[in-house]
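Structure at a glance
The residues making up each chain are set out below.
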Amino acid sequence: MKTKDIAIGAVAALFISALAYVWLAPAGFGSAPSVTFKTLTGEQIQLDDLRGKPVLVTFWATSCVGCMREMPHLIEMHHDLHAQGLEIIGVAMDYDPPNHVVETVESRQVPYTISLDIDGAIAAAFDQVRLTPTNYLINPDGRVVFKKIGEMDIAKLRDDIIQMLQKGSA
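Residues numbered from 1 in each chain as written. Predicted model: local features only at pLDDT ≥ 70, side-chain atom pairs only at ≥ 80, totals over all residues. Heavy atoms only, no water.

**Structural notes on the packing of aromatic side chains**
Under the convention used in this document: Pairing of aromatic side chains requires ring centres within 6.5 Å, counting the rings of Phe and Tyr and the six-membered ring of Trp. Pairs whose planes differ by under 30 degrees are stacked, by over 60 edge-to-face, and all others tilted. The numbering of helices and of strands both runs from the N terminus, where a helix is a DSSP run of H or I of at least 4 residues and a strand a run of E of at least 2. For every residue, the accessible area (1.4 Å probe, protein chains only) is compared with the maximum for its type, and the residue is labelled buried under 20%, exposed over 50%, or partly exposed between those bounds.
Taken as a whole and assessed by the stated rule, the structure comprises three aromatic pairs. Where F59 meets Y136, the ring centres are 6.2 Å apart and the plane angle is 75°; that geometry is what we call edge-to-face. Within this pair, whereas F59 is found in strand β3 (residues 55-60), its partner Y136 is found in strand β6 (residues 134-138), the two being separated by 77 residues in sequence. Exposure remark for F59: the relative accessible area of 0% places this residue in the buried category. Exposure remark for Y136: the relative accessible area of 2% places this residue in the buried category. For the pair F126 and Y136, a centre-to-centre distance of 4.8 Å together with 55° between the ring planes defines the contact as tilted. Of this pair, F126 sits in the loop between α4 (121-125) and β6 while Y136 sits in strand β6, placing them ten residues apart in sequence. The rings of F59, F126 and Y136 are connected pair by pair, giving a single aromatic cluster.

**Remarks on the sheet that holds β6**
Here is the rule: Should DSSP find at least two bridges between two strands, the strands are regarded as paired. Each axis is a line fitted through C-alpha atoms, and for a helix only the stretch in contact is used; angles between axes span 0 to 180 degrees, taken between their N-to-C directions.
On the basis of which strands lie adjacent, the open sheet formed by five strands has the order β5-β4-β3-β6-β7 and mixed pairing. Sheet topology places β5 (113-116) and β7 (144-149) at the edges, where each strand pairs with a single neighbour. Averaged over neighbouring strand pairs, the angle between their axes works out to 15° when direction is ignored. Relative to β5, strand β4 (residues 87-92) is paired through four bridges, and the arrangement is parallel. When the bridges of β5 are listed, I89 appears paired with T113.

**Side note on the side chain of E70**
Note the cut-off: In this tally, Asp and Glu contribute negative charge and Lys and Arg positive charge; neither His nor the terminal groups of the chain are included. Only one rule defines a salt bridge in this text: a Lys or Arg side-chain nitrogen within 4 Å of an Asp or Glu carboxyl oxygen. Under the rule applied, a polar contact is a pair of N or O atoms within 3.5 Å (in protein, one hydrogen donor and one hydrogen acceptor; residues adjacent in sequence only if both atoms are side-chain atoms).
Along the chain, the position of E70 falls in helix α2 (residues 65-81). Here E70 sits buried without a salt bridge, and the closest side chain of opposite charge, K148, lies 7.7 Å off (N-O distance). Among the polar contacts made by the side chain of E70, one reaches the side chain of N135 at a distance of 3.5 Å.

**Some thoughts on the pairing of β4**
Rule in force here: Here is how to tell: hold the view so the strands point away, follow the path from the first strand over the helix to the second, and if it runs clockwise the crossover is right-handed.
Burial within β4 is extensive, with six of its six residues counted as buried. Of the two faces of β4, the one holding E87, I89 and V91 and the one holding I88, G90 and A92 are both buried throughout. Where β3 and β4 come together, six bridges link them in parallel fashion. Note that in β4 the partner of W60 across the bridge is A92. Handedness of the crossover joining β3 and β4 through α2 is recorded here as right-handed. Handedness of the crossover joining β4 and β5 through helix α3 (residues 98-107) is recorded here as right-handed.

**A word on α3**
In an α-helix, one full turn covers 3.6 residues, which means residues spaced three or four apart are oriented alike. For clarity, the cut-off: Comment: arc refers to directions from the helix axis out to C-beta atoms. Every residue pair with non-hydrogen atoms within 4.5 Å of one another is taken to be in contact.
Among the residues of α3, those classed as buried are V101, T104 and V105. Projection of α3 onto a plane perpendicular to its axis shows the buried side chains occupying an angular sector of 95°, all on one side. Of the residues in α3, the exposed ones pointing more than 90 degrees away from the buried face are E106 and S107. On its buried face, α3 is in contact with β3, α2, β4 and β5. A positive phi of about 50° marks Q109, the residue just after α3.

By themselves, these figures tell us nothing about what the structure is for.
Take a look at the structure:
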């Protein structure tokens, strides 16, 4: 009987703890990490300097079929929304040979910023990203509001970004 009472107490404590976590946990994923992206052209971009704009950080690799399927949609989104404030930063994974990255960016005429994560520091700062595609949407306040491992629902993402842009211009 005593063991049963202990088990019931443990389950009740676990339930109460889980309920408290759900009730008290902050919305979203927290603040985006303070990272510096080094672009293919050698420019250094600090993520913190992009505050005030929605930023999509997309981790990708040239060998990733899903990444290659997403890329035309990201190019279109950049063309449509960059002038309104959207920033897209594609982060090439550390295992991707830089010459493959450059060839892909040139052949696909990628207009948005591409960063090489040579030492894996950016992927590490974003929750140890290892799988591609992995995408993070950061709102203008610098908070991660969306994270997706695998291919995104581009239409939903686009709608979310447009809402952010409209709030910023209101």
